[in-house]
Amino acid sequence: MLLLTFEGIDGSGKSTQARLLDEHLQAEGHETLLVREPGGTELSEQVRSILLEPSLNVQPFAELLLFSAARAQLVAERIRPALDEGHIVICDRFYDSTTAYQGAGRGVADPTWLRAFHRRVTDALVPDRTYLVEVDAETARERRGGEASADDRMEAAGADFYERVSAAYAELAEDEPDRFCRLDGRRSIDALHQSVRADVAAILDGRGGTGVSGTGSSDQ
Ligand code: ADP
Ligand code: TYD
């Protein structure tokens, strides 16, 4: 019924927001499904282990395909069925992550090609709203604990990589202002949660999320 996704660089605080929204919607009596990418199915979790394993040398295009394989399985096995049952699906990362990380971060493929590719991978599923939690690379690094995690291959990327990813996210938000809701991730966890909550309430009320921070505006 409703597909809501959270995006941002590692350590931006998006998983915290996805979890808080899920708890809130459940408390309000909604049926929800909260999933993270890559992951959420047995196959996708195994692909996740491959993708994050630091000892593996993964070529950029292979990386793109692996993230997408995990996503195709997740959509078919869990997201689509949950939507068909009328549930609210909250996804901690979705195909915008691939556009930002593999497309811009790794420089694998151009946005036009990726858009068509994502349509195939997701069976043309497009989020109703995407919350982009924006923080600078330094703040995100501090939130991740200061150092790149030794057991996460993706987090080993440097500041330049995260700058490219952030810029790509900003471009995506500018290209699709009705879908994206940009959030200033330097605000408190609760302040961010209140913004997300109000926006979702507006969507559920059929008002399209106006007045909070969606529809192309930002709360910054
Ligand atoms: P992500 O999913 O984007 O990697 P998390 O939600 O796991 O990020 O948050 C990373 C860390 O930052 C956690 O310790 C979390 O408690 C903290 N954090 C999340 N949001 C905020 C915020 N708005 N202000 C300060 N710390 C935050
Ligand atoms: P994870 O530990 O889930 O990080 P986070 O909490 O920041 O989401 O690891 C997922 C990593 O995979 C993260 O570095 C982002 C990266 N990623 C991509 O590069 N492309 C993708 O399509 C997805 C879904 C994730």
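Residues numbered from 1 in each chain as written. Chains lettered and ligands numbered in written order. Predicted model: local features only at pLDDT ≥ 70, side-chain atom pairs only at ≥ 80, totals over all residues. Heavy atoms only, no water.

### Quick look at the packing of aromatic side chains
Stated formally: Within 6.5 Å between ring centres, the rings of Phe, Tyr and Trp (the latter by its six-membered ring) count as paired, and their orientation is classed by plane angle as stacked under 30 degrees, edge-to-face over 60, tilted in between.
In the structure shown here, the tally under the stated rule is 8 aromatic pairs. Through successive ring pairs, a cluster of aromatic residues spans Tyr101, Phe161, Tyr162 and Tyr169.

### A word on the site of ligand 1
Basically, it comes down to this: Any residue with at least one heavy atom within 4 Å of a molecule or strand is counted as near it. In the analysis that follows, any N or O atom pair within 3.5 Å is treated as a polar contact, provided that within protein one partner can donate a hydrogen and the other can accept it, and provided that, for residues neighboring in sequence, both atoms belong to side chains. Accessibility throughout is a Shrake-Rupley quantity obtained with a 1.4 Å probe, and a residue counts as covered only by protein chains that appear here. Counting from the N terminus, the helices are the DSSP runs of H or I reaching at least four residues and the strands are the DSSP runs of E reaching at least two.
Around ligand 1 sit 14 residues, and of these Gly11, Gly13, Ser15, Thr16 and Arg187 come closest. Measuring from an oxygen atom of ligand 1, one finds a side-chain N or O atom of Lys14 at 3.0 Å. Within the contact set of ligand 1, an oxygen atom lies 2.3 Å away from a side-chain nitrogen or oxygen of Ser15. Relative to its free-state accessible area of 560 Å², ligand 1 is covered by the protein chains to the extent of 66%. Of all elements in the fold, only helix H1 (14-27) and helix H8 (189-204) reach the threshold of two or more residues within the shell around ligand 1.

### Concerning the packing of H1 against H8
In a pair of packed helices, the angle between the axes and the distance between the axes together describe the arrangement. Heads up, the rule is: Comment: axis = line fitted to C-alpha atoms, over the contacting stretch for helices; angle = value between 0 and 180 degrees taken between N-to-C directions. Every angle not falling under 35 degrees, over 145, or within 65 to 115 is termed oblique; those three ranges are roughly parallel, roughly antiparallel and roughly perpendicular. Throughout, a crossing is termed right-handed when the near helix is turned clockwise from the far one, and left-handed when it is turned anticlockwise from it by less than a right angle. Two residues form a contact once any of their heavy atoms are found within 4.5 Å. Under the grouping applied here, Gly and all other residues not named as nonpolar or charged are polar, the nonpolar ones being Ala, Val, Leu, Ile, Met, Phe, Trp, Tyr, Cys and Pro and the charged ones Asp, Glu, Lys and Arg.
Relative orientation of the contacting elements H1 and H8 amounts to 50°, with a least axis distance of 10 Å. By the angle between their axes, H1 is oblique relative to H8. When you trace H1 past H8, the crossing you get is right-handed. When H1 is examined against H8, the residues Thr16, Gln17, Leu20, Leu21, His24 and Leu25 are found in contact with a partner set consisting of Ile189, Leu192, His193, Val196, Arg197, Val200 and Leu204. Of the residues belonging to the contact of H1 with H8, the class tally is 8 nonpolar, 4 polar and 1 charged.

### Remarks on the side chain of Thr130
Rules: Relative accessible area decides the class of each residue, using a 1.4 Å probe on protein chains only: under 20% of the type maximum gives buried, over 50% gives exposed, and in between gives partly exposed.
With respect to the secondary-structure elements, Thr130 resides in strand E4 (residues 129-134). Given a relative accessible area of 0%, Thr130 falls into the buried group. With sequence-adjacent residues up to four places away left out, Thr130 is seen in contact with Thr5, Glu7, Asp96, Arg179, Phe180 and Cys181.

### A closer look at the site of ligand 2
We apply this condition: The method works on a 1 Å grid over the protein atoms by themselves. A cavity is a set of points holding a 1.4 Å probe that cannot get out, a pocket is an open set with protein on both sides within 12 Å along at least five of seven lines, and residues with an atom within 4 Å of a point line them. In this scheme, a molecule is assigned to a cavity or pocket if more than half of its atoms are within 2 Å of the grid points.
Neighbouring ligand 2 are 14 residues, the closest being Asp10, Lys14, Arg93, Thr98 and Gln102. Arg93 places a side-chain nitrogen or oxygen 2.7 Å from an oxygen atom of ligand 2. For ligand 2, the cavity whose grid points lie within 2 Å of the majority of its atoms is the largest pocket. For the shell around ligand 2, the secondary-structure elements that each account for two or more residues are H1, helix H3 (60-84) and helix H4 (95-105). The element best represented in the shell around ligand 2 is H4, accounting for 4 residues. Across the shell around ligand 2, the residue classes tally to 3 nonpolar, 4 polar and 7 charged.

### Quick notes on the sheet that holds strand E1 (residues 2-7)
Going by this rule: If DSSP finds at least two bridges between two strands, the strands pair.
Pairing is parallel across the open sheet formed by 5 strands, whose spatial order is E2-E3-E1-E4-E5. Where the open sheet ends on each side, the last strands, each with one partner, are strand E2 (32-36) and strand E5 (180-184). Adjacent strand axes in the sheet meet at a mean angle of 20° when their direction is disregarded. As paired strands, E1 and strand E3 (residues 88-92) are joined by 5 bridges and run parallel to one another. Across the sheet, residue Leu4 finds its bridge partner in E3, namely Ile90. Along the sheet, H3 makes contact with E1, E2 and E3, crossing E2 at roughly 155°.

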